[in-house]
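# Working through the structure, step by step
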Amino acid sequence: MASKARVQVLCLAKAGNGQCYDGPDARSLARGLQRAGQLTADDYRFGGKGRTPPGGRGS
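Predicted, not measured: the structure shown is a model, and the values here were computed from it. (Residues numbered from 1 in each chain as written. Predicted model: local features only at pLDDT ≥ 70, side-chain atom pairs only at ≥ 80, totals over all residues. Heavy atoms only, no water.)

## A look at the overall build of the protein
For clarity, the threshold we go by: Secondary structure elements follow DSSP: runs of H or I of four or more residues count as helices, runs of E of two or more count as strands, with numbering from the N terminus. Partly exposed describes any residue whose relative accessible area lies between the buried limit of under 20% and the exposed limit of over 50%, with all areas from a 1.4 Å probe on protein chains only and scaled to the type maximum. A 1.4 Å probe and the Shrake-Rupley method give the accessible areas. Residues count as covered only by the protein chains that appear here.
Broken down by element type, the protein carries two helices and zero strands. Expressed as a percentage of its 59 residues, the buried residues of the protein come to 5%. Roughly 5700 Å² of accessible area belongs to the protein as shown, and the carbon and sulfur atoms make up 54% of that amount.

## Section: the environment of glycine 23
Rules: Working rule for contacts: check all heavy atoms of both residues, and any pair within 4.5 Å makes them a contact.
With respect to the helices, strands and loops of the structure, glycine 23 is situated in the loop between helix H1 (3-15) and helix H2 (26-43). Sequence-distant contacts of glycine 23, defined by excluding residues within four places in its chain, comprise Ser28 and Leu29.

## Digging into unusual backbone geometry
The residue asparagine 17 is not glycine, and still its phi comes out positive at about 55°. Looking at the secondary structure, you find asparagine 17 in the loop between H1 and H2.

## Focus: H1
Put simply, the rule is: Expected helix span is given by 1.5 Å per residue-to-residue step, counting one fewer step than there are residues.
Spanning 13 residues, H1 covers 18 Å between terminal C-alpha atoms, matching the ideal 18 Å at 1.5 Å per step. For H1, the buried fraction is low: one of the 13 residues fall into the buried class.

## Notes on the environment of aspartate 22
On the secondary structure map, aspartate 22 appears in the loop between H1 and H2. Residue class for aspartate 22 comes out partly exposed when judged on its relative accessible area of 49%. Each C-alpha atom of the pair aspartate 22 and glycine 32 lies 7.8 Å from the other, and the pair is 10 residues apart in sequence. Contact partners of aspartate 22, with chain neighbours within four places excluded, come to Arg6 and Leu29.

Spatial relationships are all this shows, so hold off on functional conclusions.
Structure (structure tokens):
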């Protein structure tokens, strides 16, 4: 990534309280995306009560 574009991407990531993943190839970037998704899922916590959808049965 060009230097100016990289600075902009890093700025966006910082402003959004996120991270920027860089990699030399598509496989590295895919691993970074997978890791980011897992970190997001690990931090997510359900709250409140479950509900049954209209016309359906709950699990």
